[in-house]
Amino acid sequence: MLSRFLAAVAAMVVVVAASNILVLYPFQVQLGAVNLADLLTWGAFTFPFAFLITDLTNRYDGPRNARRVVLVGFLVGLAVSFYLSFHPLPWNAGGNPATTQRIALASAAAFVTGQLLDISIFSRLRSVRAWFLPPLVASLFGSMIDTAIFFTVAFAPVLAGIDALFGLADGSLAFPAPFLGIGPEVPLWTSLAAGDFMVKFLAALVLLAPYRALMGKFKPLPPLGRTTLA
């Protein structure tokens with residue numbers, strides 16, 4: 001169990017740190033008349049793996065250990081993110097930081113809230129017969145709250161004071177952009193949030209495949225009420 005715990009924590013740290021960096025990079029792909037940079041950042045493709053890690057840990061080692069993975073992975077990932085916010089990466093032209101303190105704080109608040117909600121919902125659905133319902137429903141609700149908190153704190157102009165606290169220019173994404181690339185103009189951060197959640201919704205479906213593939217690798221804990229470990 002210790003090796004699984006350490007592997008899960010390491011994977012969570014990688015996902016958190018990578019997502020904090022990649023959220024600064026729009027997905028520069030043109031799909032017909034739609035510029036996907038108005039919808040997505042690269043972070044939308046990496047963060048859903050956090051829910052896969054949490055759900056697998058919850059299934060095999062129980063919600064208590066899943067919370068430990070979330071909290072330890074969060075603390076280490078946050079430390080890495082703050083380190084990168086003060087130390088530009090070599091490939092960043094102009095020496096810009098890989099992330100900002102505001103984004104790191106937004107990620108922390110969103111990550112902890114979304115993951116703990118995921119764990120709570122998964123635990124309550126563990127006894128259902130349909131194997132796909134616990135990870136799917138938990139991931140969707142966790143992703144919804146994670147997206148709402150992250151994009152509001154990181155990019156909504158109402159919270160621009162966070163950047164000022166660290167002596168940074170306002171990093172809000174309030175300039176107009178077509179909603180989902182095709183709709184009326186809205187603040188860019190709201191379009192990015194909508195696009196991000198759409199990707200997380202699709203990712204929740206796609207990641208059912210590796211979840212199913214790994215289900216038989218270890219013996220899962222029984223549903224709540226049948227074990228003292230949960």
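Computed from a predicted model, the values in this text were never measured in an experiment.

Calculation criteria
- Starting from 1, residues in each chain are numbered consecutively following that chain's sequence as written.
- Since the coordinates come from a predicted model, pLDDT governs what is reported: local features require at least 70, and pairs of side-chain atoms require 80 or more to be given and counted, while whole-chain, interface and lining totals use all residues.
- As a rule here, side-chain values come from all non-hydrogen atoms in the structure, and water together with hydrogens is ignored.
- Under the DSSP-based scheme used, a helix requires at least four consecutive residues in state H or I and a strand at least two consecutive residues in state E, with every element numbered from the N terminus.
- By the convention used here, residues are in contact when the closest approach between their heavy atoms is within 4.5 Å.
- Here the open area of atoms and residues is found with the Shrake-Rupley method and a 1.4 Å probe, where only the protein chains shown may cover a residue.
- How sure the predictor is of each residue is captured by pLDDT, a score from 0 to 100.
- Ring pairs are drawn from Phe, Tyr and Trp, using the six-membered ring of Trp, whenever the two centres fall within 6.5 Å, and their geometry is named by plane angle: stacked under 30 degrees, edge-to-face over 60, tilted for the rest.
- Here the term buried applies to any residue with accessible area under 20% of the maximum for its type, exposed to any over 50%, and partly exposed to those in between, with areas from a 1.4 Å probe on protein chains only.
- Axis definition: a line fitted to C-alpha atoms, over the contacting stretch in the case of helices. Angles run 0 to 180 degrees between N-to-C directions.
- Should an angle fall under 35 degrees it is taken as roughly parallel, and over 145 as roughly antiparallel, whereas 65 to 115 is taken as roughly perpendicular and any remaining angle as oblique.
- Take the far helix as the reference: if the near one is turned anticlockwise from it by less than a right angle, the crossing is left-handed, and if turned clockwise, right-handed.
- Each residue is assigned to one of three groups, with Ala, Val, Leu, Ile, Met, Phe, Trp, Tyr, Cys and Pro labelled nonpolar, Asp, Glu, Lys and Arg labelled charged, and all others, Gly among them, labelled polar.
- For patches, a residue must show more than 30% relative accessible area and have no salt bridge; joins then use 9 Å for like charges and 5 Å for nonpolar side chains, namely Val, Leu, Ile, Met, Phe, Trp and Tyr.
- Just to be clear on terms, a salt bridge is a Lys or Arg side-chain nitrogen sitting within 4 Å of an Asp or Glu carboxyl oxygen.
- We call a set of buried residues a nonpolar core when its members are Ala, Val, Leu, Ile, Met, Phe, Trp, Tyr or Cys and they connect through side-chain atoms within 4.5 Å of each other.

1. Some remarks on the overall build of the protein chain
Across its full length, the protein chain carries eight helices and four strands. Ordered by position in the sequence, the α and β elements of the protein chain form the string α-β-β-α-α-α-α-α-β-β-α-α. Within the protein chain, residue pairs in contact and separated by at least 24 positions form 68% of the contacts whose partners lie at least 6 positions apart. A total accessible area of about 11100 Å² is found for the protein chain, and carbon and sulfur atoms account for 72% of it.

2. Section: the confidence of the model for the protein chain
Taken over all residues, the pLDDT of the protein chain has a mean of 83, while the share at 70 or more is 86%. Counting interchain partners and residues more than four positions distant, the pLDDT-below-50 stretch residues 224-230 has eight contacts.

3. Examining the packing of aromatic side chains
As enumerated under the stated definition, the model contains ten aromatic pairs in all. Look at phenylalanine 27 and tryptophan 42: their rings are 4.7 Å apart centre to centre, the planes differ by 80°, and that puts the pair in the edge-to-face class. Note that phenylalanine 27 is positioned in the loop between helix 1 (2-22) and strand 1 (30-31) and tryptophan 42 in the loop between strand 2 (34-35) and helix 2 (43-46), a separation of 15 residues in sequence. On the accessibility criterion, phenylalanine 27 (14% relative accessible area) is buried. Note on tryptophan 42: relative accessible area 40%, which makes it partly exposed. Between the aromatic rings of phenylalanine 27 and phenylalanine 45, the centroid separation amounts to 5.0 Å while the plane-to-plane angle is 50°, which identifies the pairing as tilted. Taken together, the residues span a long stretch of sequence, with phenylalanine 27 in the loop between helix 1 and strand 1 and phenylalanine 45 in helix 2 at a distance of 18 residues. Look at phenylalanine 45 and you get partly exposed, because its relative accessible area is 34%.

4. A word on the packing of helix 1 against helix 4 (residues 101-125)
Relative orientation and spacing of two packed helices are given, respectively, by the angle between their axes and the distance between those axes. It is the contact of helix 1 with helix 4, at a shortest axis distance of 10 Å, that shows an interaxial angle of 135°. Regarding the angle of helix 1 to helix 4, the classification is oblique. For the pair helix 1 and helix 4, the sense of crossing is right-handed. Along the contact surface, helix 1 presents Met12, Val16 and Asn20, while helix 4 presents Ile103, Ser107, Phe111 and Gln115. Of the residues that constitute the contact of helix 1 with helix 4, the class distribution is four nonpolar, three polar and no charged.

5. Overview of a nonpolar patch on the surface
Judged by side-chain polarity, Leu24, Tyr25, Trp42 and Phe45 come together as a nonpolar surface patch covering roughly 340 Å² of accessible area. With respect to the helices and strands, the residue tyrosine 25 is situated in the loop between helix 1 and strand 1. Residue classification places tyrosine 25 among the partly exposed residues on the basis of a relative accessible area of 31%.

6. Some remarks on the nonpolar core
Counting residues in hydrophobic clusters, the biggest one holds 21 residues, and the most contacted among them are Met12, Phe47, Ala50, Ile53, Val69, Phe74 and Phe111. Elements that contribute at least two residues to this core include exactly helix 1, helix 3 (48-86) and helix 4. Broken down by element, the residue count for this core peaks at eight residues, all from helix 3. Those residues in contact with methionine 12 that lie beyond four places of it in its chain are Ala50, Ile53, Thr54, Val69, Gly73, Phe111 and Gln115. Ala110, Leu173, Trp189 and Ala193 belong to the second-largest nonpolar core, a separate cluster that totals 18 residues.

7. Some points on the pattern of salt bridges
Within this structure, the stated rule accounts for five salt bridges. Note that arginine 102 and aspartate 163 form a salt bridge whose closest N and O atoms lie 2.9 Å from each other. One end of the pair, arginine 102, is in helix 4; the other, aspartate 163, is in helix 6 (residues 161-165), and 61 residues separate them in sequence. Judged by relative accessible area, arginine 102 falls into the buried class, the value being 1%. Ionic pairing is found between aspartate 170 and arginine 102, a salt bridge with its closest N-O pair at 3.6 Å. Here the residue aspartate 170 occupies a position in the loop between helix 6 and strand 3 (176-178), and arginine 102 occupies one in helix 4, the gap between them amounting to 68 residues. Taken together, the shared-partner salt bridges connect Arg102, Asp163 and Asp170 into one network.

8. Re the side chain of serine 123
Looking at where serine 123 falls in the secondary structure, it is placed in helix 4. Judged by relative accessible area, serine 123 falls into the buried class, the value being 7%.

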